[in-house]
Amino acid sequence: MIGAILFLGFLVLLFAGVPIAIALGLAGAFAIVLADQSILAMPTNVYAGIAKYPLIALPMFVLVGSVFDRTGVALRLVRFATAIVGAGRGALASVSVLVAMVIGGISGSGPATSAAVGQVVTRSMEKDGYPRSFIAATVGAAAATDILIPPSIAFIIYAVLVPGVSVPAIFMAGMFPGILAGFAIIGAVLILSFLNDFGGKARHDERLQVWQTFKEAFWGLMAPIVILGGMRIGAFTPTEAAVMAVFYGLFVGFVIYRSLTLRDCYEMLVEAGELSAVILIVVALASVFAWSTSTLGIVQPVATWIVGLGLGEYGTIALLMIVLIFIGMFLDGVSTFLILLPVLIPIANAFHWDLTWFGVILTMKIAIGQFTPPMAVNLMVSCRIAGVSMESTIPWVVWMILAMFISLALVVVFPDIALWLPRVMGTM
C-alpha cells in the first residue's frame, strides 16, 4: 500500500508541474512518514547520494561541453566532415550526425549537443534543400547517441549506483554501441535523402580543402582521444580526465582558436554551475526516493513479479524496452536511472545478465526515448532551433527510431558488441 502511494504521489506531483527533484524528495519523505520511519533518514540519504567521488567528474564534463560549444569546434568539424563527404544528396545530413557523435565524445549531454549542432547546421542544411522538419529530426536523433559515446553523464550515474560497475568499463562498453547507433541513423538519413531528393541543392562557390579543414578541426578531433586515451594509459582517472578536458578546451579556446574571452569564461562557469546543481539536486533527492523503495520492501516484490511473468530473457528485455522508451520520452537518462535502477538491477541479477552490458542497453533504450515524440527532450531542442512543430518531424523521425531499434537489437543479441572493448582494454 505504501509502495503504491509512493509511486502514485510521485506521478501526481510530476504531472502537476512540480520539478522532478522536489517530486522525488516529497514522495520519498511522505512514504518515510507513513511507514513510521525516522525522518532523519532524509538528510542522511541526501548527503550520501552525492558524497561519491565519481560524481566530481559530472560538473567538469558539463563545463567542458560548454567550453567546446563556445570555441567554435562544432563549426570546424562540420567544415572538415563536409570536405570529406562532399555535397551530394544526404551528405550534409550525414555530416550533422557525424559531428553530433564527435561532440558526444566531449559533452556527454544529448540536449546540449542537439543545441550546439542544430545552431551550426540548420541554416546550411536548409539552403542545401532539406526541409526544416527533416533537419530537426536528424539533429534530435543524432544527439541521442551522446549518452552512449563516452564521456556520458548517464554512464557516470549508472556506475555510481550499481556496485561492481566501474566508470572506465561502462565508458568503453558504450563506445561501439554508440558508433553503431550513429551509423544506423546515418543509414536511415541517407535512404530518406535519396528517396526524397534531399541535399545537393546549394551552390558551392569554393571547394573545401580536406587538408585545410582538417588542420582547423584537428584540436576538436583530438579532444575525445585526450579524454579516453589518458584514461586508457592510466595517466588519470575518469574524474581527473574531466578536469584535464576542461583545461584542454580552455587551451584550445584561448591559445589555438583565440575565440574565448574572460567574459565567456565567466558565463561558462555560471552556466555549468547552474546545470550541475540541477543534476546533483536530482541525484540527492532521488536518493531519498530510492532509499524508501528499498527499505519499505517495495523493490523485491516488483522485480519478482516481472521475473515471474515467464517471458524469458528476451521477452523481459522487450517489456523493459517498451517501458523505458516511454519513460525516456518524459525524463532524461539520469532521472530514469535514479528512479528505476533499484527495481531493474534485481531483474538483471535474476537472469544473471552482465551489469555493464545491461547498463549499455538500458541507456540505448533511454536514448531512443529522447527523440521519440510527443515528449522527446532532444527533439524539443532541435525543433525549437529549426522553428518547426514536433508533429511535423514524425514522418522522418519514425524511420530513425526504427534504425536505432535495429542497433539496440544487435547489442542485445550479440553482447560482445558492448563487452569486447572493455575486456581488451582490461577495464572489466
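Residues numbered from 1 in each chain as written. Predicted model: local features only at pLDDT ≥ 70, side-chain atom pairs only at ≥ 80, totals over all residues. Heavy atoms only, no water.

Draft legend 1. Spatial organisation of the overall build of the protein chain. Each helix and strand in the protein chain was counted, giving 20 helices and 0 strands. Here the C-alpha atoms of the protein chain give a radius of gyration of 22 Å, agreeing with the 22 Å that 2.2 N^0.38 yields for 428 residues. Principal-axis analysis of the C-alpha atoms places the extent of the protein chain at approximately 75 × 45 × 45 Å. With 428 residues in all, the protein chain has 53% of them scored as buried. (Helix = DSSP H or I, 4+ residues; strand = E, 2+ residues; numbered from the N terminus. Rg over C-alpha atoms; globule rule 2.2 N^0.38 Å. Buried < 20%, exposed > 50% of the residue type's maximum accessible area, 1.4 Å probe, protein only.)

Draft legend 2. Spotlight on the pattern of salt bridges. Going through the model one piece at a time under the given rule, you end up with 4 salt bridges. Between R132 and E126 there is a salt bridge; the shortest N-O distance is 2.8 Å. The class for R132 is partly exposed, based on a relative accessible area of 30%. Residue E267 pairs with R263 through a salt bridge whose shortest N-O separation is 3.1 Å. Taken together, the residues E267 and R263, both in helix α13 (residues 262–295) and 4 residues apart, mark about one turn of the helix. By relative accessible area, E267 is classed as partly exposed at 28%. Of the residues examined, R263 reaches a relative accessible area of 53% and is grouped as exposed. (Salt bridge = Lys/Arg side-chain N within 4 Å of Asp/Glu carboxyl O.)

Draft legend 3. The arrangement of unusual backbone geometry in detail. The backbone phi angle of R258 is positive, close to 55 degrees, even though this residue is not glycine. Mapping R258 onto the fold places it in the loop between α12 (238–256) and α13. At H352, a residue that is not glycine, the phi angle is positive and equals roughly 60 degrees. Inspection of the secondary structure puts H352 in the loop between α16 (333–350) and α17 (355–369).

Draft legend 4. Inspection of the packing of aromatic side chains at higher detail. Per the stated rule, a full pass over the model turns up 14 aromatic pairs. Aromatic pair F198 and W396: ring centres 5.4 Å apart, planes at 75 degrees, arrangement edge-to-face. Residue F198 is located in the loop between α10 (167–196) and α11 (210–232), and its partner W396 is located in helix α19 (residues 394–413); the two are separated by 198 residues in the primary sequence. Among the residues examined, F198 registers a relative accessible area of 9% and is labelled buried. Using a relative accessible area of 15% as the deciding quantity, one classes W396 as buried. Through a chain of ring-to-ring contacts, the aromatic side chains of F80, F214, F218, W219, Y248 and F251 assemble into a single cluster. In this structure, R76 is placed above the aromatic ring of Y257, and the distance from its NZ or CZ to the ring centre is 3.7 Å. (Phe/Tyr/Trp six-rings, centres within 6.5 Å; stacked < 30°, edge-to-face > 60°. Lys NZ or Arg CZ within 6 Å of the ring centre and 35° of its normal.)

Draft legend 5. The nonpolar core, seen in detail. Residues F134, Y158, F171, W357, F358, M400 and M404 are the most contacted members of the largest nonpolar core, which totals 142 residues. Of all the elements, α10 adds the most residues to this core, at 13 residues. Beyond its immediate chain neighbours, meaning those up to four positions away, F134 contacts A93, V189, L192, S193, F198, W396 and M400. (Core = buried A, V, L, I, M, F, W, Y, C linked by side-chain atoms within 4.5 Å. Contact = heavy atoms within 4.5 Å.)

Draft legend 6. α11, seen in detail. Of all the bends in α11, the greatest, near 55 degrees, is centred on A217. Along α11, the residues that are buried comprise T213, A217, G220, A223, P224, I227, L228, G230 and M231. Just downstream of α11, G234 is the residue with a positive phi angle, here 80 degrees. (Bend = angle between axes of the 7 residues up to and from the residue.)

Draft legend 7. Quick look at helix α2 (residues 20–34). Between the first and last C-alpha of α2 there are 21 Å, a value that for 15 residues agrees with the 21 Å anticipated at 1.5 Å per step. After α2 finishes, the residue D36 shows a positive phi value of roughly 60 degrees. (Expected span 1.5 Å × (residues − 1).)

Draft legend 8. Highlighting a nonpolar patch on the surface. A grouping of Y314, V398, W399, L402, I406, L410, V413 and F414 is seen on the molecular surface, where their side chains present a nonpolar patch of about 790 Å² in accessible area. The biggest single contributor to the nonpolar patch is α19, with 6 residues. Along the chain, the position of Y314 falls in helix α15 (residues 312–328). (Patch = residues over 30% accessible without salt bridge, like charges linked within 9 Å, V, L, I, M, F, W, Y side chains within 5 Å. Areas by Shrake-Rupley, 256 points an atom, 1.4 Å probe, with all protein chains shown as cover.)

Draft legend 9. Main features of the side chain of D264. Relative to the elements of secondary structure, D264 occurs in helix α13. Among the residues examined, D264 registers a relative accessible area of 17% and is labelled buried. Leave out the neighbours within four places in its chain, and D264 touches R70 and S259.

Draft legend 10. Molecular detail of the packing of helix α8 (residues 132–143) against α19. At their nearest, the axes of α8 and α19 sit 8 Å apart, and the two run at 25 degrees to each other. As judged from the angle between their axes, α8 and α19 are roughly parallel. The handedness of the crossing between α8 and α19 is right-handed. On α19, the residues touching S133, F134, A137, T138 and A141 of α8 are W396, V397 and M400. Grouping the amino acids of the contact of α8 with α19 by side-chain chemistry returns 6 nonpolar, 2 polar and no charged. (Axes fitted to C-alpha atoms, helices over the stretch in contact; angles between N-to-C directions. Parallel < 35°, antiparallel > 145°, perpendicular 65-115°, else oblique. Left-handed = near helix turned anticlockwise from the far one by under 90°. Nonpolar A, V, L, I, M, F, W, Y, C, P; charged D, E, K, R; others polar.)

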